Amino acid sequence: MKKIEAIIQPFKLEDVKEALVLSGIQGMTITDVKGFGRQKGHKEIYRGSELEVLFIPKIKIEIVVPDELVEKVIKIIQEHAYTGNVGDGKIFIIPVEDAIRIRTKEKGQQAV
Amino acid sequence: MKKIEAIIQPFKLEDVKEALVLSGIQGMTITDVKGFGRQKGHKEIYRGSELEVLFIPKIKIEIVVPDELVEKVIKIIQEHAYTGNVGDGKIFIIPVEDAIRIRTKEKGQQAV
Amino acid sequence: MKKIEAIIQPFKLEDVKEALVLSGIQGMTITDVKGFGRQKGHKEIYRGSELEVLFIPKIKIEIVVPDELVEKVIKIIQEHAYTGNVGDGKIFIIPVEDAIRIRTKEKGQQAV
Amino acid sequence: MKRLISIFLLILMVLMLSTNLIFAEGETPQPQTQPKLDTGDTAWMIVATALVMLMTVPGLALFYGGLAKKKDVLNTIAMSFVTYCLASFLWVVYGYSLAFSGDIAGIIGQLDKAFLAGVKVDSLQGTIPEVLFSVFQLTFAAITVALISGAYIERMKFSAWVLFIILWMSLVYVPVAHWVWGGGFLAQMGALDFAGGTVVHINAGIAALMGVFILGKRKNTLLVPNNLTLVAIGAALLWFGWFGFNAGSAAASNGLAAQAFMNTNTATAVAALAWMFTEWMITKKPTVLGIASGMIAGLVAITPAAGFVNIVGSVIIGAVVGFLCYFSVTAMKPKLGYDDALDVFGIHGVAGIIGAILTGVFADPAINEAGKGLLYGNPGQLWTQTIAVLVTIVYTAIMTALIFLIIRIFMKIRVNEEEEIIGLDSSQHGERAYNL
Amino acid sequence: MKRLISIFLLILMVLMLSTNLIFAEGETPQPQTQPKLDTGDTAWMIVATALVMLMTVPGLALFYGGLAKKKDVLNTIAMSFVTYCLASFLWVVYGYSLAFSGDIAGIIGQLDKAFLAGVKVDSLQGTIPEVLFSVFQLTFAAITVALISGAYIERMKFSAWVLFIILWMSLVYVPVAHWVWGGGFLAQMGALDFAGGTVVHINAGIAALMGVFILGKRKNTLLVPNNLTLVAIGAALLWFGWFGFNAGSAAASNGLAAQAFMNTNTATAVAALAWMFTEWMITKKPTVLGIASGMIAGLVAITPAAGFVNIVGSVIIGAVVGFLCYFSVTAMKPKLGYDDALDVFGIHGVAGIIGAILTGVFADPAINEAGKGLLYGNPGQLWTQTIAVLVTIVYTAIMTALIFLIIRIFMKIRVNEEEEIIGLDSSQHGERAYNL
Amino acid sequence: MKRLISIFLLILMVLMLSTNLIFAEGETPQPQTQPKLDTGDTAWMIVATALVMLMTVPGLALFYGGLAKKKDVLNTIAMSFVTYCLASFLWVVYGYSLAFSGDIAGIIGQLDKAFLAGVKVDSLQGTIPEVLFSVFQLTFAAITVALISGAYIERMKFSAWVLFIILWMSLVYVPVAHWVWGGGFLAQMGALDFAGGTVVHINAGIAALMGVFILGKRKNTLLVPNNLTLVAIGAALLWFGWFGFNAGSAAASNGLAAQAFMNTNTATAVAALAWMFTEWMITKKPTVLGIASGMIAGLVAITPAAGFVNIVGSVIIGAVVGFLCYFSVTAMKPKLGYDDALDVFGIHGVAGIIGAILTGVFADPAINEAGKGLLYGNPGQLWTQTIAVLVTIVYTAIMTALIFLIIRIFMKIRVNEEEEIIGLDSSQHGERAYNL
Ligand SMILES: Nc1ncnc2c1ncn2[C@@H]1O[C@H](COP(=O)(O)OP(=O)(O)O)[C@@H](O)[C@H]1O
Ligand SMILES: Nc1ncnc2c1ncn2[C@@H]1O[C@H](COP(=O)(O)OP(=O)(O)O)[C@@H](O)[C@H]1O
Ligand SMILES: Nc1ncnc2c1ncn2[C@@H]1O[C@H](COP(=O)(O)OP(=O)(O)O)[C@@H](O)[C@H]1O
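My aim in this report is to walk through the structure given alongside it, one point at a time. All values derive from a computational prediction rather than experimental measurement.

A look at the site of ligand 2
Right, on to step 1. Neighbouring ligand 2 are 22 residues; Thr-29, Arg-101 and Arg-103 of chain A together with Arg-38 and Gly-87 of chain B lie closest to it.
Right, on to step 2. Surrounding ligand 2 are residues belonging to chains A and B, so the site spans chains.
Right, on to step 3. Contact distances for ligand 2 include 3.3 Å between an oxygen atom and a backbone N or O atom of Gly-89 of chain B.
Right, on to step 4. Protein chains shield 99% of the accessible area of ligand 2, which is 550 Å² for the free molecule.
Right, on to step 5. Those elements that place two or more of their residues in the shell around ligand 2 are strand S2 (28-36) and strand S5 (56-65) of chain A together with strand S2 (28-36) and strand S6 (90-95) of chain B.
Right, on to step 6. Considering each element in turn, the shell around ligand 2 owes the most residues, 3 residues, to S5 of chain A.

Digging into the site of ligand 3
Right, on to step 1. Taken together, 22 residues surround ligand 3, and among them Thr-29, Arg-101 and Arg-103 of chain B together with Arg-38 and Gly-87 of chain C come closest.
Right, on to step 2. Ligand 3 sits at a junction of chains, with neighbouring residues supplied by chains B and C.
Right, on to step 3. Here an oxygen atom of ligand 3 sits 2.7 Å away from a polar atom, N or O, in the main chain of Arg-38 of chain C.
Right, on to step 4. Summarising the interface, the protein chains cover 99% of the accessible area of ligand 3, which totals 550 Å² for the free molecule.
Right, on to step 5. Going through the elements one at a time, S2 and strand S5 (56-65) of chain B together with strand S2 (28-36) and strand S6 (90-95) of chain C are the ones with two or more residues in the shell around ligand 3.
Right, on to step 6. Counting residues per element, the shell around ligand 3 draws most heavily on S5 of chain B, at 3 residues.
Right, on to step 7. The class makeup of the residues in the shell around ligand 3 is 8 nonpolar, 7 polar and 7 charged.

A look at the pairing of S5 of chain B
Residue and element names in this part refer to chain B.
Right, on to step 1. Judged by how many residues are buried, S5 sits mostly within the fold: 9 of 10 residues are covered.
Right, on to step 2. The sheet contact formed by strand S1 (residues 2-8) and S5 spans 7 bridges and is antiparallel. Its bridge partner being in S5, Lys-2 is matched across the sheet by Val-65.
Right, on to step 3. When S2 meets S5, the two strands line up antiparallel, connected through 7 bridges. In the strand pairing of S5, Gly-35 is matched with Ile-56.

Some points on the relation of the copies chain D and chain E
Right, on to step 1. When chain D is brought onto chain E, the operation consists of a screw motion whose angular component is 120° and whose axial shift is 0.0 Å, with 0.0 Å RMSD remaining. Such a turn and shift between the copies fits a three-fold axis. Residue Gly-40 of chain D, judged by its C-alpha, is the member of chain D lying nearest the rotation axis, at 2.2 Å.
Right, on to step 2. Comparing interface residues between copies, only 12% of those in chain D also sit at the interface in chain E, which points to a heterologous contact through distinct surfaces.

Some words on helix H11 (residues 311-336) of chain D
Residue and element names in this part refer to chain D.
Right, on to step 1. The end-to-end C-alpha distance of H11, which contains 26 residues, comes to 35 Å, matching closely the 38 Å that a straight helix rising 1.5 Å per residue would cover.
Right, on to step 2. In H11, a bend of some 35° at Ser-328 exceeds every other bend along the element.
Right, on to step 3. Two or three places before Val-312, at the start of H11, stands the capping residue Asn-310, its side-chain oxygen 3.2 Å from that residue's backbone nitrogen.
Right, on to step 4. One or two steps after H11, the chain reaches Gly-337, where phi turns positive at roughly 80°.

Criteria and cut-off values
- Residues numbered from 1 in each chain as written.
- Chains lettered and ligands numbered in written order.
- Predicted model: local features only at pLDDT ≥ 70, side-chain atom pairs only at ≥ 80, totals over all residues.
- Heavy atoms only, no water.
- Near = heavy atom within 4 Å.
- Polar contact = N/O pair within 3.5 Å; in protein donor to acceptor, adjacent residues only side chain to side chain.
- Areas by Shrake-Rupley, 256 points an atom, 1.4 Å probe, with all protein chains shown as cover.
- Helix = DSSP H or I, 4+ residues; strand = E, 2+ residues; numbered from the N terminus.
- Nonpolar A, V, L, I, M, F, W, Y, C, P; charged D, E, K, R; others polar.
- Buried < 20%, exposed > 50% of the residue type's maximum accessible area, 1.4 Å probe, protein only.
- Pairing = 2+ DSSP bridges.
- Least-squares fit on C-alpha atoms with pLDDT ≥ 70 in both.
- Contact = heavy atoms within 4.5 Å.
- Expected span 1.5 Å × (residues − 1).
- Bend = angle between axes of the 7 residues up to and from the residue.

Purely spatial values, then, with no claim about function.
Take a look at the structure:
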């Protein structure tokens, strides 16, 4: 099993979620995060005092999937989170040793 | 060492934390996340305009523990986060290669 | 590749980010989290009703780096997040199997 | 919901019939000597009415809403809003008439002014239009009921609350208002209550206490204010509006109104300071919520006294009430263990009683001939005040319990546990306060 | 921005020249019988003016701002704020004079009171200072334009909005105000409009509708209120301020003002309840936004009627409008598919029309001799009301379209797609509402 | 905290004793010709008083609170709230008497009206009750002190602020108020200050500046507004309340009050636009904070002029101040490097000085016989204005420095670094503003 962590543009969440659900993905967890990277932030000026907004709002999607689905999910995210602009984000693949569904106590692939 | 990531119902946090602390767990990190899964969201209707709330508020608990404690921690979370309803959440186990305590520079199991 | 997850004091974020950027790190993702640990929380008293604030605001920094940079990044975080007080936080190292940059579809070390 | 409507219609009919049948032979309203309309008095009273309206919508709604848990803020606001709307409607239908038109055995008025029948554009009450007097009084009725809601939040079904408003306003507020202000028996006894300490605050405070006994505790009884900036706005608007409440109770634009204004301001300020310093001494931290709570306690306590006491009286009343209410809220409530969510009894009830009693002590005939307290050689006033307080307490306590019993016949009063946990905003209204 | 300024100067010059050239021969302002200043009337009208000001700043700004998406809240607030400021300025420059000084062919006033020339400290309008009358009217002009903004939010360039304010106020508000209140042809026809149902609400509602057709839909047309507590504050302040709007329209501190106050309160309360119960029946949830929306609908509908109808009329107007506007907003809008973001047409337009027509039905000569409706034996009034409504609708619709065409000559009206997505707070103002 | 109380008692005693000892032989208060109470004037002044109260609680508290960092918002609000409460108390104890009762050598009043002794319910001041005049003045004292807090936030200990209030109000506000309004030497010189440009705004602005020099910079001097919707509400309520401040300073319900109202509205609107357009030109973005800041600058500048200038004067004053204050805040402050957190000096100080001077230019005797400016042939007025401004600046600067020295004797003035970092809400009050 792997955890796919994708950092994407917030306004792409709807598209990505839609596409994942269509492909049969049944669960995911999202978090509001802030990103720093090649995409430049902007300045807000309050009464002449410049506030540099370096950290840009992003959404982190976490999906735990069986190994065989990893490629598919990555592809979907890549396609639907894509705008071509700097700041589109990253996808990271992280190993997961086990998963448990609290409600049923199922373990492993059954659980996700 | 492993990182145990549990996605639970927000109102179960208190119980789970209490139980973990009693069992000797000394640290954890929690994040407000939103989950999508088998549990259905609800609709909010503002002046006839339907807002589908698909992502349901959840709490993510992250606890890094030595390998030998993994089972115990999982068991505690499973018990105390349990309601039996869809949406109770998941527990994922992720390998951790090392841990450092910033204050003391301790490494490995000492650090958690 | 590794993911370095650091839980730090919020007011140290600026310093740590500055130092990382100077060292050549080009990207990171941060999340507002709440921590529970040896650092004691405090009480807020609203009309005599005590609200124990057990979970203390922290910042989680996530940086994915090639293996060879891990030591350097850890060192920088350790130095700049340090105050010497309980609650300074932790650094965890987690294996990452792959990374993809959405914009360019680059993979692996190119992507981070 | 349909049930709600039919219940309402039923009540309406029963009320109308019964009062008419029983009291049909009641004497006709006394003709009043009618001086000319004074544009200055009228100007002030129009504004005063708007100010008292502002106390409920949005003053109280924000004060309570900001103190509610994040998941219950809209429900808390809705309770105040719907109260003001329903009370406004019921008041013109029958409330005004039963409270202020005529008198039957000192207990209730008559129904001849239902729908303001006979209240003409040029009818006067003193030097102001009667219709203005009526709407001024309306705002008092509304806030009294709305005040109670603060005790019941985070657990009561919205439909049950709607029904409660109708019943409590009809069966408690209207009669008590008649007793004290409408020429009823307490008025005849000589109880001093300048702007409504008894009718409004003690009344609401006791109803709150009785109600929470019946409702039972919330699962989570902690006070977790979702937004203290709303509390600050709400408390400030309450203070601002209260100038209309107290100085408006002079029913004229004159020195007495000015004195009531000054007394209100002074007692409130002193009470806020007294609470703050007490808290500072005890918990080592002066809180914004403490300052705001002290303000409300001061406003409540000075309400019956505003047009009777002098500035020294105001200072003392403020100091006493700021100090004592701190303890009623932080010590008495935990000790007795009732779950008065936002301390309606602890603040309005307790401060209302303190204010009513102290009015009997400090009423200074140099301020207002109508009131002479213990300190000015009239110990009997203290007794009268006590009686008025006790009568109100007993009546309200019994009637509120009764009303809950009636509601129980028709519907569940509390939301179920799951609804309580996910919050009443979602379960009762299907809304979320913030999308930030 | 420079473009904006030059356009503005141009308009100003054209306006000034043209009116002076064309209408130079217009008759001089009629001398009015000038009774003495009444301090009571003046006191009330000063306060009423402040209250109407409060309706826009911050009432409407918060009501609209709270309903906007999180990324557009400041832009929405800014639209109301800048409107009030610009309207304040233009009003003293030429607005007041063209609307209220003299009359040329029933269509427009004259420019002789530009910069309030000739309006002395002791000039009177009735029993109040003329300068007070002028600033009271100013607040009406400001809110009318500000109301429109609610339809256009989340997509319109701020500079285009600024230009729109100038043009629409000059070319639509001022003439229509003259027709109805300034001695123009609608006034002469005998149309009843106590406080501005036609001039303010129908006018704004139609401009809103026409504008959104031209502007086009937003990418995301969902209503995602960022902060319903702001909506609650805004709605409450609108109600509070509306007492100044309606009761102030009596221009005196008397029984009529009191009646208008009472009618306003009653219709608003009933409309809020009507909306809430309708919604409760249909979606099973009574919402805070529903209660607030019903309030506004009630306030709008009672506006033309406030000083004409009796309490029963108010109750009926409130009930009808609360019920119907629920459907205009939840059924009609989706059906017709226009993107009136905050339902300016659905609430102000529709309720304004309902109110104007019902005024022709319920106007009770016992309340105000000046108005006699269908129910009191004067069916012709209904016809007059309809004409007044239609004239306003046609004129506003055409002029608003024209104004958008004019603006288009000078600049893009909409922000580009990316700016719309990241939100207008960032793209137009470089600010964020919350740093929580 | 105990220290605080004892210090306070000490000050009180010293003050009382000293004034009585030194000035015991002062002349008795002059008998005033007492016309009858006017209900209209009284009505307006009651409301005006409530409006000015609203400026501090919650107007200023929200305006400042919204601009503070998230972790300091409650402390910022608390500073305004506690100021209003303490000032209310001190005012009736000795403030009113020392400022307005009698005169000793043009410098200070007497203590005979301590605790409002001798101020009867029917005592008049002009055509309004004296007690009303006293509470109206109270609200001015309170806001002046509260204004200063904006400069000191995010670093000052709450206990030090409490002590500061007591000392500054007693040693600076009360004397200066006496000089200008209480028959003191500036009044005798003929300085024009309609509603308090000198006494309130210059006074507060200079105290702010002096204080921040002594306090030192915050660790993080960035302006990070936690909630600009609160700033919008606060600025709007300030504007609304300022009508009471300026038009109320006519002390009557008449044409002059109306003119002051109109001037206030006009200058404010124009200043907001001037700031907005200046900013738009320079940074390419017109901000909501800019509009709000311009409003405040306009309100401040028109304060001394409101009852003296005509509408053209108002427009010019607004335009000048909106333009200049933009630079005083964005250019002068960074250049000089003082840490005036919320620009109390940059806005209130600078706009206050501009307003005071321009009053000497534009005062039009056709508006108010009492004032004749440079443009109307009286260049000497400009000189008098300058003197009044300079005297105030010098006195306030010295006294404020002295007061900080006194406070330092008793306690630390700043919180420690850690407390500053975690925020003053937590360290001073143990509360959090939001639980969202
Ligand atoms: N090394 C990294 N580790 C973790 N997150 C990263 C890293 N680099 C970038 N990110 C995240 O990805 C987001 C997008 O990265 P950025 O460099 O701005 O653009 P792009 O992905 O197009 O190269 C950042 O805002 C940050 O949240
Ligand atoms: N594949 C997944 N990857 C990551 N998180 C998941 C996944 N599936 C579910 N979750 C998380 O677990 C929560 C509960 O899942 P859900 O399917 O609703 O109920 P249950 O756990 O009872 O099966 C979701 O809200 C989501 O946050
Ligand atoms: N076992 C753990 N797993 C995950 N996070 C932890 C763990 N222990 C501590 N933390 C995080 O680290 C933070 C600091 O830990 P704490 O024990 O308070 O101080 P210190 O790091 O100085 O020992 C905590 O607030 C929590 O967020």
